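# Per-entry structural report
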Amino acid sequence: MARSGLATRLYRGEAGLNIIGRRKLWFSVAGLLVLVAVLSFAFRGFTLGIEFEGGNSFQVPASVGTLNQTEDRVNTILGDEAGGAAVESAQRVGGAGGEFYEFRTAVLTSDQANAVKAALAQEFNLDEDQISANQVSAAWGGQYTERALLGLVIFIALVMLYLIIRFEWRMAVGAVSSLLLNLVLTAGVYSLVGFEVTPSTIIGFLTILGFALYDVVVVFDKVQENTRGITANNNQTYGEAANLAINQTLMRSINTSLVALLPVGGLLFIGVPLGAVTLQDLGLVLFVGMLVAVCSSVFFATPVLSLLKDYEPRIQAHTKRVLARRGAIARGELSPKGTPRPAAGREPADVEAAALAGAAPKVGARPTGKRPTGTRGGRPGGGGNRPGGKRR
């Protein structure tokens with residue numbers, strides 16, 4: 001019979017991947033990635049959008065020329081009308097029939113913004129109504145960030161409460177640590193790539209938390225099913241049962257992630273080159289966050305749970321019993337079914353005879369059976385009086 005392929009064994013939960021046994025490796029990889037992300041936060045930082053830094057933006061129809069040519073002409077106008085200001089970012093926005101070039105600058109006064117808008121209309125031979133000028137205060141971005149952080153804290157608190165009620169506090173710790181890892185790594189990628197942080201980015205971060213929680217709960221539900229009453233037998237440790245749960249749900253996690261990543265990947269890798277630049281910040285955070293969520297639920301959340309369970313005295317005692325039993329089987333002192341094996345140099349018949357001899361009563365010992373209850377050999381059943389007889 002042909003050997004089943006990896007995909008078939010994954011589908012059946014028979015891949016046998018040793019995830020829990022290599023948890024030190026996964027913790028080391030996670031620690032290294034977190035270190036890279038933190039260093040990127042410290043030395044590279046984030047590219048904040050106009051909503052968080054504040055500033056002015058001007059939108060010019062894309063029909064005036066190429067992006068580079070238009071940016072040079074806008075820079076010239078800014079130097080003349082806004083006291084030497086310059087374009088900080090330029091991008092093409094909009095879709096078919098409505099493309100615009102958006103140029104962002106530092107904060108300008110109202111007089112400077114109006115002068116720049118009039119000069120742009122004159123430079124490109126357009127009506128002022130065809131040019132859009134907006135000003136955003138950094139205070140708005142601060143309020144938005146504050147509300148987002150408050151929502152994150154409330155979300156994590158509710159997740160902890162739900163998981164403690166539904167499972168146990170160790171699973172809650174493993175799930176929340178996985179969620180925090182998702183946020184840090186996704187933010188690290190954002191910092192390294194240099195995409196602008198916009199309100200859509202914040203929405204994307206909150207969205208991936210729900211996806212990550214769903215995947216973790218699926219794995220933990222299977223772990224709970226496999227480990228229910230595990231201390232009643234000595235055949236499997238808690239870590240092995242958790243590892244089996246990962247293998248049994250791995251194909252489901254892969255299928256779920258593929259279904260979720262395909263449209264997001266299409267948005268990021270196809271929509272952005274076609275002109276949907278405004279969606280690149282949302283597409284990147286969703287794609288990276290969902291991908292990290294799948295990996296962390298398998299390689300981080302469950303290993304953290306297994307590590308915490310190893311410190312529980314009940315699980316420690318159970319693990320010792322399992323390992324002791326396996327050691328006895330390896331030494332030949334115990335069969336896999338749990339029956340003792342004959343000692344070296346003794347035949348099975350001798351062992352059976354010895355067992356029967358040990359069960360037989362010794363010579364001269366009083367029989368252990370019940371004493372007779374009739375008129376001979378014991379007292380009458382009536383407490384010493386014959387039925388119908390007279391007491392003497």
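Quick caveat: nothing in here was measured; it's all calculated off a predicted structure. The numbers attached to residues start from 1 for each chain and follow its sequence in the written order. Whole-chain, interface and lining totals are the exception, using all residues; otherwise, since this is a predicted model, local features are given only for residues with pLDDT of at least 70 and side-chain atom pairs are given and counted only at 80 or more. The side-chain numbers reported here are obtained from all heavy atoms of the structure, hydrogens and water having been left aside.

Now for the overall build of the protein. Within the protein one finds twelve helices and six strands. Counting across all 392 residues of the protein, residues that qualify as buried make up 38%. In the protein, the share of contacts with a sequence separation of at least 24, taken over all contacts with a separation of at least 6, comes to 74%. A 1.4 Å probe and the Shrake-Rupley method give the accessible areas. Residues count as covered only by the protein chains that appear here. As displayed, the protein offers around 23,100 Å² of accessible surface, 59% of which is attributable to carbon and sulfur atoms. Helix numbers and strand numbers start at the N terminus; a helix is a DSSP run of H or I with at least 4 residues, a strand a run of E with at least 2. Remark: exposure states derive from per-residue accessible area (1.4 Å probe, protein chains only) relative to the maximum for the residue type, with buried under 20%, exposed over 50%, and partly exposed in between. Here a residue-residue contact requires only that any non-hydrogen atoms of the pair lie within 4.5 Å.

Attention now goes to the pattern of salt bridges. Whenever a carboxyl oxygen of Asp or Glu lies within 4 Å of a side-chain nitrogen of Lys or Arg, that contact is scored as a salt bridge. Applying the stated rule across the entire model yields eleven salt bridges. Two residues, Glu-168 and Lys-309, come together in a salt bridge whose shortest N-O distance is 3.3 Å. Pair noted here: Glu-168 is in the loop between α6 (138–166) and α7 (169–193) and Lys-309 is in helix α10 (residues 280–309), with a separation of 141 residues, a long-range link. Overall, the relative accessible area of 3% leaves Lys-309 in the buried class. For the salt bridge of Glu-312 with Arg-314, the shortest nitrogen-to-oxygen distance reads 3.4 Å. Among the residues examined, Glu-312 registers a relative accessible area of 12% and is labelled buried. Linked by salt bridges that have partners in common, Glu-168, Arg-170, Lys-309, Glu-312 and Arg-314 make up one network.

In this section: the sheet that holds strand β4 (residues 100–105). Across the sheet, four strands lie side by side as β3-β4-β2-β5; this open sheet has antiparallel pairing. Pairing within the sheet leaves two strands with one partner each, and these edge strands are β3 (89–93) and β5 (132–136). Averaged over neighbouring strand pairs, the angle between their axes works out to 20 degrees when direction is ignored. Pairing analysis gives five bridges linking β3 to β4, with the strands arranged antiparallel. Pairing of Ser-89 across the sheet is with Arg-104, part of β4. Contacts from helix α5 (residues 110–123) reach β2 (55–61) and β5, with the element oriented near 15 degrees to β2. DSSP calls a pair of strands paired once it identifies at least 2 bridges connecting them. In this analysis, axes come from line fits to C-alpha atoms, helices being fitted only over the stretch in contact, and the angle between any two N-to-C directions falls in the range 0 to 180 degrees.

Right, let's get into the packing of α7 against α10. Between α7 and α10, the least distance of the axes is 7 Å, while the angle of their chain directions is 145 degrees. Once α7 is placed against α10, the crossing between them reads as right-handed. Throughout this entry, Asp, Glu, Lys and Arg are counted as charged residues, while Ala, Val, Leu, Ile, Met, Phe, Trp, Tyr, Cys and Pro are counted as nonpolar. The remaining residues, Gly among them, count as polar. For the contact of α7 with α10, the per-class residue count stands at 18 nonpolar, eight polar and three charged. Left-handed describes a crossing in which the near helix is turned anticlockwise from the far one by less than a right angle; the clockwise case is right-handed.

All right, on to the packing of aromatic side chains then. Aromatic rings from Phe, Tyr and Trp, taking only the six-membered ring of Trp, are treated as a pair when their centres fall within 6.5 Å; an angle between ring planes under 30 degrees marks them as stacked, one over 60 as edge-to-face, and anything in between as tilted. This model, assessed by the stated rule, comprises six aromatic pairs. Between Tyr-101 and Phe-103, the ring centres sit 6.4 Å apart and the planes meet at 65 degrees, which makes this aromatic pair edge-to-face. Owing to a relative accessible area of 0%, Phe-103 belongs among the buried residues under this scheme.

Another point: the side chain of Arg-23. Mapped onto the elements, Arg-23 comes out in helix α2 (residues 23–43). Owing to a relative accessible area of 17%, Arg-23 belongs among the buried residues under this scheme. The contact partners of Arg-23, leaving out residues within four places of it in the chain, are Pro-303, Ser-306, Leu-307 and Asp-310.

Helical periodicity: at 3.6 residues per turn, an α-helix aligns residues three or four positions apart in one direction. The span expected for a helix works out to 1.5 Å for each residue beyond the first. If you check α2, its first and last C-alpha atoms are 30 Å apart, about what 21 residues at 1.5 Å a residue would give, namely 30 Å. Within α2 the residues assigned to the buried category are Arg-23, Trp-26, Ala-30, Ala-37 and Ser-40. Down the axis of α2, the buried set is contained in an arc of 115 degrees. They therefore lie on one face. Set apart from the buried face of α2 by more than 90 degrees, the exposed residues are Lys-24, Leu-32, Ala-42 and Phe-43. Gly-45, located one to two residues past α2, shows a positive phi value of around 75 degrees. Of all possible arcs, the one meant is that of the directions from the helix axis to the C-beta atoms.

The next subject is unusual backbone geometry. Positive phi outside glycine occurs at Asn-125, with the angle close to 55 degrees. If you trace the backbone, Asn-125 turns up in the loop between α5 and β5.

A separate point is the pairing of β2. Counting buried positions along β2 yields six of seven residues, so the element is predominantly enclosed. In this structure, β2 lies alongside β5, joined through five bridges in antiparallel fashion. Pairing of Phe-58 across the sheet is with Ala-133, part of β5. In this structure, β2 lies alongside β4, joined through six bridges in antiparallel fashion. Each bridged residue has a counterpart across the sheet, and for Ser-57 the counterpart in β4 is Arg-104.

Quick look at the nonpolar core now. Among the buried residues, those of types Ala, Val, Leu, Ile, Met, Phe, Trp, Tyr and Cys that are joined through side-chain atoms within 4.5 Å form a nonpolar core. Counting 57 residues, the largest nonpolar core has Leu-163, Met-171, Phe-220, Val-223 and Met-290 as its most contacted members. Listed by contribution, the elements that provide at least two residues to this core are α2, α6, α7, α8 (199–227), α9 (238–271) and α10. Setting aside chain neighbours within four positions, we find Val-223 in contact with Met-171, Tyr-238, Ala-242, Ala-245, Thr-302 and Leu-305. With 21 residues, the next largest nonpolar core counts Val-64, Ile-77, Ala-119 and Ile-131 among its residues.

Just geometry here; none of it tells us what the structure is for.
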